[in-house]
Amino acid sequence: MDINLISPRLTQMISLAAVLLFTGSGMAAEVLDPSSPARYDVVWDTPGTGSCDSMPLGNGEIGLNVWTEENGDVCFYIATTGAWGPTGELMKLARIRLRCQPALFEKGKTMRQALLLEDGSIKVSGPDGPDKREISIWVDANHPVIWIEADGAKPFTLTASVEIWRNLEQRVLRNQQKQVGFFQWNNNSKPWPSLVKGQPDPLRGRGFGGMLKGKGFVNSSNSILQSAEPAKSHLLSITVLTRQTKTMDEYIEALKSESVKSDDVNVAEARSAHAKWWREFWNRSWIHITSDNDSQNAFQISRAYALQRFMDACQGRGAYPIKFNGGIFTMDVPHMDSQTEMLATADYHMWGGQYWFQNSRHLYWPMIPAGDFEMMAPLFDMYFNAAQWRKQEYKEKFGYEAVAFAETQPFWGAQSLNMSAQSHTARYWTGGLELLALMLEYHDYTGDEALVTDRLLPLSDLYLSFYDKFFKREDGKLVIAPANALETYWDVVNPVPELAGLMWVLDGLLRLPEEKLGKERKENWTRLRAELAPLPISDKDWSKDFRPQVHPLAARPKMPNPNTKSLAAAEVIRDDKIRNSENPELYAVFPFRIYGVGKPDLDIGVETFHRRLFRQKWSCWRQEETQAALLGLPAAAREGLNFRAKNKDPRCRFPAFWAAYPDWVPDLDHGGSFMTALQKMLLHADNGKLFIFPAWPKDWDVEFKLHAPGKRTVQGVLRDNRVEKMKVEPDLGQDSVIVMDRQ
């Protein structure tokens, strides 16, 4: 292997057996259990004032925002991934208030609220002493139930209140005995745009709510349960149900029936199984960074990674994908709207209920190296199900079966087919190609053949058919025009995101066995691949045409090597007005990895990165630090991580409720992009090879476990710039594992 083709710097071809010999016997005394996230637990010793002072909790489908108030109350919002309101907005189910008598703690007195990552629970306790009490809350990892356990050294009473605020829509069941039922049922709906003929209404008849109950509790009103007698221990459960029914009464009966199932749950066994699920989750993968230099934010970056992964796990196993703009953890946030400060309720998501692929994708790329494979299914299923309806619309309009996913669409797949219009998203189809790239990556890592048969190939047929049949040819080459180059340019020919995406996806599909593809697919896709124009290469100095008045976020690029060529955003930019701040040309680095460490012409990729128009905007949906990592540029990648890891929203207390930017709080794609960059700095898999430390700073120690293609895991320890352990299971062979020098 020619090392100069791998990296512009030196690499080490290290035998794994030799590396294993480096492991010192004294290391174990210094290192915590690597799979334990307890070092990143979030602990507060002063009460909050509202939901902006909350901690997140969840089981993959049901999520809570848990906070305390100065009078000793413990409160939480309940949300699920499927609680869609009548206009397609994601809503909360209710707010719960827990009150002890005597109070759990008094204003000005000692208290403790702790998010315990290892077992996915939150514990709130009052001051130590003979009257100490503690409330433990956990969302059962294996059942749709929220458990509340309250314990004290002396008997006390506990009251649980259901609080509602959407008075015309939210309801509390009347005349219940020893339980409080609460729900919303959509009597009407306004799905926009209109549904495809025959497509069922996704919103009408959708109900979401819960049933609160507890042994030894009685109703003091329709919305309040209280313990009948003081006791040292109290147990409450809230069974949650989201379901579409023909009538409201049918939903109510289903809710009651579901809550009866919870009565039969052995809580001790459920708690043990719940803790086991979380232990296994944390044992899948980890990244722990340390440094002697506090300014490098090593702990903060490691904690940010763990907390973002935790929030994904809390909402990633539901019926629908994670919403990038707050997910199920939205809060009552002061919000500037039209220059007037207002209080946005916990139901509010800026940009509404639609999924924007450019943002949503960042939550899913890092799940694959983390080994969180089951969380990919909601994303794949949503787009597959939407495609089954949209292909009818395309056939009626164009005369052939195809689908081009719009950049933004609700979960049922409605989208505009006005492809002649100019806007941020009207001719922006790159998300469908990236979805196929995600599926290919998932298959590489898991070997899941059912995904290929049931999802990847049917979607590829539809999506590639759109490119094949919708666009014309000139001189035997496909001409993708008119088209957007992301949201930045609205009228271009052959944008790099489309060309690179088609190249990457077609190459990946054509590597599949012919018996899976079939002869016709292979011939069609081989032809389409040959018809793609080459990626546009330019020696243009973009800074000469830079107009800072066009976009206030842009920073004038530097030209470190004017003798090297770079990629352009498109073959032709017919309208060069800048409407947003992406760097389309860098899509050929990520998500479509045509340029990078271990690939030819690395200098072109690096030069493209240095010439990018929008620089050092390490926030939200941007991905420059991931591209820097894949290009072997650790300084730039670390700069992005340093910014992201400390950039929580100033209105919130939890360190991973990321600042809203143009999205909403918590800005989850901000955290997802951060995770991908950190993973790629450590491990880059390509063409049967593993590149370890491709963009790792030499002053960062790290202990990590990540997943790799072929159902592999890679586990390593780096101390003082010395590899103490490197283990690849199953073995890949020495020549295919390249441990690179740190910079």
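Asker: Lay out the overall build of the protein chain with the relevant residues and their values.
Answerer: Tallying secondary structure elements over the protein chain gives 17 helices and 34 strands in all. With the C-alpha coordinates aligned to their principal axes, the bounding extent of the protein chain is approximately 85 × 70 × 55 Å. The burial tally for the protein chain puts 62% of its 743 residues in the buried class. The contacts of the protein chain with a sequence gap of at least 6 include a subset with a gap of at least 24, amounting to 69%. Working note: accessible area of the protein chain is about 28100 Å², and carbon and sulfur atoms make up 50% of it. Within the protein chain, one finds 87 positive and 93 negative side-chain charges whose respective centroids are separated by 2 Å.

Asker: With reference to specific residues and values, describe the side chain of E487.
Answerer: Relative to the helices and strands, E487 is located in the loop between β24 (483-485) and β25 (489-495). Buried and unpaired, E487 has R622 as its nearest opposite-charge partner, separated by 9.6 Å.

Asker: Go over helix α3 (residues 248-263) with me, naming the residues and quoting the values.
Answerer: With 16 residues, α3 should cover 22 Å at 1.5 Å per step; its first-to-last C-alpha distance of 23 Å lies within 8% of that length. Contacts made by the buried residues of α3 are with β10 (145-163), β12 (179-185), β13 (206-213) and β16 (231-244).

Asker: Describe in detail the confidence of the model for the protein chain, supporting the description with residues and values.
Answerer: On average, residues of the protein chain score 90 in pLDDT, and 90% of them reach the 70 mark or higher. Taken together, the stretch residues 1-31 has pLDDT below 50 and engages in 63 contacts with residues farther than four places along the chain or on a different chain. Predicted confidence is poor over residues 543-559, with pLDDT under 50, and the contacts of this stretch with residues over four places away or in other chains come to 33 contacts.

Asker: Give me the lowdown on the environment of W696, citing residues and values where you can.
Answerer: Assignment of secondary structure puts W696 in the loop between β30 (689-692) and β31 (701-708). The spacing of W696 and E118 is 578 residues in sequence and 28 Å in space, taken between C-alpha atoms. Discounting chain neighbours no more than four positions away, the residues touching W696 are I289, P634, L678, M681, L682, V702, L718, R742 and Q743. A polar side-chain atom of W696 sits 3.1 Å from the main-chain carbonyl oxygen of W700.

Asker: Can you tell me about the sheet that holds β24, naming the residues and giving the values?
Answerer: Ordered in space as β24-β25-β28, the three strands form an open sheet in which the pairing is antiparallel. On the outer flanks of this sheet lie β24 and β28 (570-575), each paired with one strand and no other. Averaged over all neighbouring strand pairs, the angle between strand axes comes to 55°, with direction disregarded. As paired strands, β24 and β25 are joined by two bridges and run antiparallel to one another. Paired with A483 across the bridge in β25 is V492. Along the sheet face, helix α11 (residues 496-510) touches β25 and β28 and points at about 40° away from the line of β25.

Asker: Please provide a residue-by-residue account of unusual backbone geometry, values included.
Answerer: In the segment running from Q101 into P102, the intervening peptide bond is cis, with an omega of 0°. Structurally, the position occupied by P102 is in the loop between β6 (90-101) and β7 (112-116). In this chain, A481 is followed by P482 through a cis amide linkage whose omega measures -5°. Even without being a glycine, W351 presents a positive backbone phi close to 75°. Structurally, W351 can be placed in the loop between β19 (340-344) and β20 (355-356). Despite not being glycine, F693 shows a phi value in the positive range, around 60°. Considering the arrangement of structural elements, one finds F693 in the loop between β30 and β31.

Asker: Mind laying out the state of the cysteines, listing which residues take part and the relevant values?
Answerer: Taken as a whole and judged by the stated rule, the model has zero disulfides. C52 takes part in no disulfide bond, and the closest cysteine sulfur to it belongs to C652, at a distance of 4.6 Å. Taking relative accessible area as the criterion, C52 reaches 10% and is therefore assigned buried. Sulfur of C620: no disulfide; nearest cysteine sulfur belongs to C652 and is 15 Å away. By relative accessible area, which is 1% here, C620 ends up buried.

Each value, and the rule that gives it
Residues numbered from 1 in each chain as written. Predicted model: local features only at pLDDT ≥ 70, side-chain atom pairs only at ≥ 80, totals over all residues. Heavy atoms only, no water. Helix = DSSP H or I, 4+ residues; strand = E, 2+ residues; numbered from the N terminus. Buried < 20%, exposed > 50% of the residue type's maximum accessible area, 1.4 Å probe, protein only. Contact = heavy atoms within 4.5 Å. Areas by Shrake-Rupley, 256 points an atom, 1.4 Å probe, with all protein chains shown as cover. Lys, Arg positive; Asp, Glu negative; His and termini not counted. Charge placed at Lys NZ, Arg CZ, Asp CG, Glu CD. Salt bridge = Lys/Arg side-chain N within 4 Å of Asp/Glu carboxyl O. Expected span 1.5 Å × (residues − 1). pLDDT = per-residue confidence, 0-100. Polar contact = N/O pair within 3.5 Å; in protein donor to acceptor, adjacent residues only side chain to side chain. Pairing = 2+ DSSP bridges. Axes fitted to C-alpha atoms, helices over the stretch in contact; angles between N-to-C directions. Disulfide = S-S within 2.5 Å.

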